[in-house]
Amino acid sequence: NVAPYVTPIIGGSSNLCVGATTTFSDSTSGGSWFTSNSRVTISAGVVHAISPGIDTITYFKAVACGTATATKIITIIIKLTVLVPINACSIYKWI
């Protein structure tokens, strides 16, 4: 027996800031994308980061002898903004 197989997930970033997007792909066509929890949304391989933490992206493909999967772990972080002085008169801006 041959084990179910899909190619590894490629592309995209493993580290995202909340609000960012990245795109993953898999050369095994006809599968479906899923996320392990609600930290991201995914549609057609496009991942949108919603909340900080760790999530697992999984690509599923039904094959004759079962279901083949490929996974990728991603980390979602909060982008920190900092108030910094921009001149000697203490005028500040957000970066």
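Summarised in this report is the structure supplied together with it.

What counts, and where the lines are drawn
- Residues numbered from 1 in each chain as written.
- Predicted model: local features only at pLDDT ≥ 70, side-chain atom pairs only at ≥ 80, totals over all residues.
- Heavy atoms only, no water.
- Helix = DSSP H or I, 4+ residues; strand = E, 2+ residues; numbered from the N terminus.
- Buried < 20%, exposed > 50% of the residue type's maximum accessible area, 1.4 Å probe, protein only.
- Phe/Tyr/Trp six-rings, centres within 6.5 Å; stacked < 30°, edge-to-face > 60°.

Observations regarding unusual backbone geometry
With glycine set apart, most residues show a phi of negative sign, and most peptide bonds adopt trans.
For step 1, the next point in the chain: We note that Ala44 has phi near 55 degrees; this positive angle belongs to a residue other than glycine.
For step 2, the next point in the chain: Tracing the backbone shows Ala44 in the loop between strand 4 (40–43) and strand 5 (46–49).
For step 3, the next point in the chain: Judged by relative accessible area, which is 68%, Ala44 ranks as exposed.

Regarding the packing of aromatic side chains
For step 1, the next point in the chain: Tallying each qualifying case throughout the model produces 2 aromatic pairs.
For step 2, the next point in the chain: Residues Trp33 and Tyr59 carry aromatic rings whose centres are separated by 4.7 Å and whose planes lie at 55 degrees to one another, so their mutual orientation is tilted. Placement of the pair is Trp33 in strand 3 (residues 32–35) and Tyr59 in strand 6 (residues 53–63), with a sequence separation of 26 residues.
For step 3, the next point in the chain: Assessed through its relative accessible area of 15%, Trp33 is described here as buried.
For step 4, the next point in the chain: In this structure Tyr59 comes out as buried when scored by relative accessible area, which is 4%.
For step 5, the next point in the chain: Centroid distance Phe34 to Phe60: 5.2 Å. Interplanar angle 80 degrees. Geometry classified as edge-to-face. Of this pair, Phe34 sits in strand 3 while Phe60 sits in strand 6, and the two are 26 residues apart along the sequence.

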